[in-house]
Amino acid sequence: HTIEPRTLLGRRTPCVGRDKEIALLDATFRECIEESVARAVLITAPAGFGKSRLQQELVGRVDKDATVLFARADPMGIGSSLGLVRQLLQGAAGIREGDPNAARHAALRQYLSRFFTDDALERQLELLGELIGAPSPHPTPGMRAARDDARILAAWLRRAFEEWMEAASDAGPMLVLLEDLHWGDRGSVAFFEDALRKNANRALMVVALARPEVHELFPELWSKVSVQEVRLPALTRRAAERLVRALMPEATETSVEHIVVRAEGNAFYLEELIRHVA
């Protein structure tokens, strides 16, 4: 997954005031690689504080040999069963929404063949195909029976997801980015917690971005694994000034003061004010 750099007034916006948080994320991923451990980091902040920018900076520091997977929860599909898990797997396999079932199934087979062979491949293909809405055109008797028992099917899908994460992590370091987790679903949250627990000795890092209300929706978020929360503060006055001067070098002291005071440390407001004044 690639994230396009942010630009404003024709210039790439510098990342200001987040050196400490970037260093923490970078060090955590390096620990995952060097010590073969799984880590989870939750980044919380109100809207506009720069969570996505922090994610962008992390991705820019990741080694090219690492696999970066991305999923974003959607307010229109809030609570949708396994929505984040489905999006993550589709993105990994290069499957787009709207692709016909045959094309989705073929793409999934091609992707999974990197990690599985023979019976294991066919089993994963059937289960993960079911997970992403690309069911096998010729389901096995076991799958037909499981479709009539939601608990059995859910257990099978969770195990298939864990096995995929195991195989993908064995192939190389993996960074999973989950944006807007406050709009996510309980099923996906549980799947990721189990995957982190089962892959504790693999180079796997899950970074979730969310607004503070994520704790109200998921009060025991990933309590079974070691999750580190990073609460982004508002930008300091000096950091905000640096951003204004980088994008508006011709700005007067009065203009800089006016913009910084009105933004109140909110990075999004700051950029919009810069755009408006310019």
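Residues numbered from 1 in each chain as written. Predicted model: local features only at pLDDT ≥ 70, side-chain atom pairs only at ≥ 80, totals over all residues. Heavy atoms only, no water.

(A) Examining the overall build of the protein chain more closely. The helix and strand inventory of the protein chain stands at 12 helices and seven strands. Projecting the C-alpha coordinates of the protein chain onto the three principal axes gives extents of approximately 75 × 40 × 35 Å. Buried residues in the protein chain amount to 48% of all 278 residues. For the protein chain, the exposed surface amounts to about 14100 Å²; the carbon and sulfur share of it is 49%. (Helix = DSSP H or I, 4+ residues; strand = E, 2+ residues; numbered from the N terminus. Buried < 20%, exposed > 50% of the residue type's maximum accessible area, 1.4 Å probe, protein only. Areas by Shrake-Rupley, 256 points an atom, 1.4 Å probe, with all protein chains shown as cover.)

(B) Highlighting the environment of Ala278. Here Ala278 lies in the segment after helix 12 (267-277). On the accessibility criterion, Ala278 (59% relative accessible area) is exposed. Separated by 248 residues in the primary sequence, Ala278 and Arg30 have C-alpha atoms spaced 40 Å apart.

(C) Geometry of the packing of helix 5 (residues 118-131) against helix 7 (residues 150-170). Between helix 5 and helix 7, whose axes approach to 9 Å, the crossing angle comes to 115°. Looking at the two axes, helix 5 sits roughly perpendicular to helix 7. Considering the relative orientation of helix 5 and helix 7, their crossing is left-handed. Counted together, Arg123, Gln124, Leu127, Leu128, Glu130 and Leu131 of helix 5 and Leu153, Trp156, Leu157, Ala160, Phe161, Glu163 and Trp164 of helix 7 form the full contact between these two elements. For the contact of helix 5 with helix 7, the per-class residue count stands at nine nonpolar, one polar and three charged. (Axes fitted to C-alpha atoms, helices over the stretch in contact; angles between N-to-C directions. Parallel < 35°, antiparallel > 145°, perpendicular 65-115°, else oblique. Left-handed = near helix turned anticlockwise from the far one by under 90°. Contact = heavy atoms within 4.5 Å. Nonpolar A, V, L, I, M, F, W, Y, C, P; charged D, E, K, R; others polar.)

(D) Up close: the pairing of strand 5 (residues 174-179). Counting buried residues in strand 5 gives six out of six residues, a clear majority hidden from the surface. Burial of strand 5 is two-sided: the residues Met174, Val176 and Leu178 facing one way and the residues Leu175, Leu177 and Glu179 facing the other way are all buried. When strand 4 (residues 67-72) meets strand 5, the two strands line up parallel, connected through six bridges. Bridge assignment links Arg72 to a residue of strand 5, and that residue is Glu179. Both strand 5 and strand 6 (residues 204-210) contribute to a ladder of five bridges, which runs parallel. Within strand 6, the residue paired with Leu175 across the bridge is Met205. (Pairing = 2+ DSSP bridges.)

(E) Structural detail: the packing of helix 10 (residues 237-247) against helix 11 (residues 253-263). Their axes nearest at 10 Å, the elements helix 10 and helix 11 cross at an angle of 125°. Considered as vectors, helix 10 and helix 11 are oriented oblique to each other. When you trace helix 10 past helix 11, the crossing you get is right-handed. Residues Arg237, Ala240, Glu241, Val244 and Arg245 of helix 10 form the contact with helix 11, whose own contacting residues are Glu253, Val256, Glu257, Ile259, Val260 and Val261. Here the residues of the contact of helix 10 with helix 11 are counted per class, giving six nonpolar, no polar and five charged.

(F) Main features of the sheet that holds strand 5. Read across the open sheet, the five strands follow the order 4-5-6-3-7; overall the sheet is parallel. Two strands in the sheet have a free side with no partner beyond their single neighbour: strand 4 and strand 7 (227-231). Neighbour-to-neighbour, the strand axes of this sheet turn through a mean angle of 15°, independent of strand direction. The pairing of strand 3 (residues 38-44) with strand 7 spans five bridges and is classified as parallel. Across the sheet, the residue bridging to Ala40 is Val227, located in strand 7. Taken strand by strand, helix 3 (residues 83-93) contacts strand 4 and strand 5, and its axis lies near 140° from that of strand 4.

(G) The pattern of salt bridges, seen in detail. Applying the stated rule across the entire model yields 21 salt bridges. Among the ionic pairs, Arg61 bridges to Glu57, the shortest N-O distance being 3.2 Å. Linking Arg61 with Glu57, this pair stays in helix 2 (residues 51-61), spanning four residues, or about one helical turn. A salt bridge links Arg147 to Glu130; its shortest N-O distance comes to 3.0 Å. Of this pair, Arg147 sits in the loop between helix 6 (141-146) and helix 7 while Glu130 sits in helix 5, placing them 17 residues apart in sequence. Note on Arg147: relative accessible area 36%, which makes it partly exposed. When salt bridges with common partners are traced through the structure, they connect Arg123, Arg159, Glu162, Glu163, Glu166 and Lys198 into a single cluster. (Salt bridge = Lys/Arg side-chain N within 4 Å of Asp/Glu carboxyl O.)

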